[in-house]
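# Commentary on secondary and tertiary structure
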Amino acid sequence: MKKKQPDVQKRLFIERVPPQLSSEATIDVSSLPHVPRRDIIRVHRLELIGKVPKQVADIRTFSPRKSRIQADVPGVHRWLVKTGERHYPIESITEHLFTRLGNVVGVNMAFTKLMVIEGQVRLCSRIFVSGSRALVHGAEILSKFLDDPTFVQDLTGKNKNIAKQHVTLSDIDEALGFVYPSSAVELGQSLRRMLLFDAYVGCTDRHLFNWGVIVNSLRPVQRPRFSPLFDSARGLYWWHLDSQIDQKVLASTWPTNFINNAKCEIGLTPGHESTLLDVAEHIAEHADNSLRHWMLERFTDDTLNRIFAVIDEEFAPLLGVRRCGHLKALLQARHTLFCQRTSLQP
């Protein structure tokens, strides 16, 4: 007879959240799925990279209502379950918002879902590799290219900012060409689409562990492919309380300076940091016809209007009407500046 799994193994870590870092708005979680403990099939004990508390868990989910853009599949799935590191629950909700913006723009995003587990709102990201398929992080690709096994260790240790100042887009192109020569062009285009999306919505945390390439160890003839975008959490006021945003928008230079100064984790010139818009402008200037067409199709006024609709319909109950208004104003300004810097004219 199979021994019953102790209930304690099905419990997910709960971070104590300082009250002053919680949202000032009243959050309505009635629309979010509440996961009972019986539907947490297993919690895996794994060492995971990153600051945000996270665990891998097999969870049974149900989807009584399908989204027009993002649909779930009922059943037991393996999820990366996160709790906001410092700004619960805004950080978790913002990461899901980035996913939904990517769905609207038409970018390949990892599937995420907000769930209430053990009484807390959790950002759950469905694991997209299994079996012989593996995710090779950007840091690992650079490490192979440099033939330096300590490179990854440096990035997770005291020298974690070295990439931001010294790793350039050209370096990554060379690394992709060295490690995946037959797929380098395709992977390079996907990398640029990711960076363009980040510049459009203001995601500032695309470091070398937040993107990668999926490979199949048992089928080496299968072409490597760029992974879905994951861990898109830093941006869109994730670290600000509503009252702090109210004060910032009063400044005459807001939000132009805020947008123009947002830094990209991947630079253009060694020794110098680049902004998101600097990188987007550089990519646009050197884009081939295929990438240019991709940009013209996605970064449009219609896309922005559909983004606003998603914010109003899905996030106003979670973030509050006031905060959502600030988010839409910020994204409107980002849209305008992005289109100006990339010369996106039909």
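Residues numbered from 1 in each chain as written. Predicted model: local features only at pLDDT ≥ 70, side-chain atom pairs only at ≥ 80, totals over all residues. Heavy atoms only, no water.

## Some points on helix α12 (residues 321-342)
With 22 residues, α12 should cover 32 Å at 1.5 Å per step; its first-to-last C-alpha distance of 31 Å lies within 8% of that length. Taken from the residues just after α12, Ser-343 is the one with a positive phi, measuring 55°. (Helix = DSSP H or I, 4+ residues; strand = E, 2+ residues; numbered from the N terminus. Expected span 1.5 Å × (residues − 1).)

## Structural notes on helix α11 (residues 301-319)
Of all the bends in α11, the greatest, near 40°, is centred on Glu-313, and the proline Pro-317 appears no more than four residues after it. Buried within α11 are the following residues: Thr-303, Leu-304, Ile-307, Phe-308, Val-310, Ile-311, Phe-315, Ala-316, Leu-318 and Leu-319. Tucked into the core, α11 has its buried residues touching α1 (90-105), β5 (112-117), α6 (184-201), α7 (242-248), α10 (289-298) and α12. (Bend = angle between axes of the 7 residues up to and from the residue. Buried < 20%, exposed > 50% of the residue type's maximum accessible area, 1.4 Å probe, protein only. Contact = heavy atoms within 4.5 Å.)

## Quick notes on the environment of Arg-37
Inspection of the secondary structure puts Arg-37 in the loop between β1 (34-35) and β2 (40-44). In this structure the C-alpha to C-alpha distance between Arg-37 and Ile-59, which are 22 residues apart in sequence, comes to 9.2 Å.

## A look at unusual backbone geometry
Residues Trp-254 and Pro-255 are joined by a peptide bond in cis, for which omega reads 0°. Here Pro-255 is to be found in the loop between α7 and α8 (256-260). With phi around 55°, Leu-236 is a residue other than glycine that occupies positive phi space. Residue placement: Leu-236 occurs in the loop between β9 (225-226) and α7.

## Some details on the packing of aromatic side chains
One pass over the structure, following the stated rule, counts 13 aromatic pairs. Between the aromatic rings of Trp-211 and Phe-226, the centroid separation amounts to 5.8 Å while the plane-to-plane angle is 10°, which identifies the pairing as stacked. Of the two residues, Trp-211 is situated in the loop between α6 and β8 (212-216) and Phe-226 in strand β9; the sequence distance between them amounts to 15 residues. A relative accessible area of 10% places Phe-226 in the buried class. A ring pair is formed by Tyr-237 and Phe-258, whose centres lie 5.9 Å apart and whose planes are at 20°; its orientation type is stacked. Of the two residues, Tyr-237 sits in the loop between β9 and α7 while Phe-258 sits in helix α8, which places them 21 residues apart along the sequence. The class for Tyr-237 is buried, based on a relative accessible area of 2%. Of the aromatic side chains, those joined through ring pairs into one cluster are Tyr-237, Trp-238, Trp-239, Trp-254 and Phe-258. (Phe/Tyr/Trp six-rings, centres within 6.5 Å; stacked < 30°, edge-to-face > 60°.)

## Notes on the pattern of salt bridges
The tally for this structure, following the rule as stated, stands at 18 salt bridges. Close ionic contact of Glu-91 with Arg-234 constitutes a salt bridge, the shortest N to O distance being 2.6 Å. In this pair, Glu-91 sits in helix α1 while Arg-234 sits in the loop between β9 and α7, placing the two residues 143 residues apart along the sequence. Classification of Glu-91 as buried rests on a relative accessible area of 3%. Arg-341 is paired through a salt bridge with Asp-278; the nearest N and O atoms lie 2.7 Å apart. (Salt bridge = Lys/Arg side-chain N within 4 Å of Asp/Glu carboxyl O.)

## Concerning the sheet that holds β2
Read from one edge of the open sheet, six strands run β1-β5-β6-β4-β3-β2, paired in mixed fashion. In this open sheet, the two strands that pair with only one neighbour each are β1 and β2. Here α1 sits on the sheet in contact with β4 (75-82), β5 and β6 (120-126), set at roughly 155° to β5. (Pairing = 2+ DSSP bridges. Axes fitted to C-alpha atoms, helices over the stretch in contact; angles between N-to-C directions.)

## Quick notes on the packing of α6 against helix α9 (residues 276-285)
Between α6 and α9, the shortest axis-to-axis distance is 9 Å and the interhelical angle comes to 135°. Between α6 and α9, the crossing angle belongs to the class labelled oblique. Note on packing geometry: the crossing formed by α6 with α9 is left-handed. Where α6 abuts α9, its residues Arg-192, Leu-195, Leu-196, Asp-198 and Ala-199 lie against Leu-276, Leu-277, Val-279, Ala-280 and Ile-283. Classifying every residue of the contact of α6 with α9 gives eight nonpolar, no polar and two charged. (Parallel < 35°, antiparallel > 145°, perpendicular 65-115°, else oblique. Left-handed = near helix turned anticlockwise from the far one by under 90°. Nonpolar A, V, L, I, M, F, W, Y, C, P; charged D, E, K, R; others polar.)

## Some remarks on the packing of α1 against α6
Contact geometry of α1 with α6 gives a least axis separation of 11 Å together with a crossing angle of 115°. Remark: the crossing between α1 and α6 carries right-handed chirality. Across the interface between the two elements, Phe-98, Leu-101, Gly-102 and Val-105 from α1 touch Phe-197, Tyr-200 and Val-201 from α6. Among the residues forming the contact of α1 with α6, the class breakdown is six nonpolar, one polar and no charged.

## Section: the environment of His-44
Inspection of the secondary structure assignment puts His-44 in strand β2. For the pair His-44 and Val-56, spaced 12 residues apart in sequence, the C-alpha separation works out to 5.4 Å. Discounting residues that sit within four places of it in the chain, His-44 has contacts with Val-56, Ala-57, Asp-58 and Arg-78. A polar atom in the side chain of His-44 sits 3.3 Å from the side chain of Arg-78. (Polar contact = N/O pair within 3.5 Å; in protein donor to acceptor, adjacent residues only side chain to side chain.)

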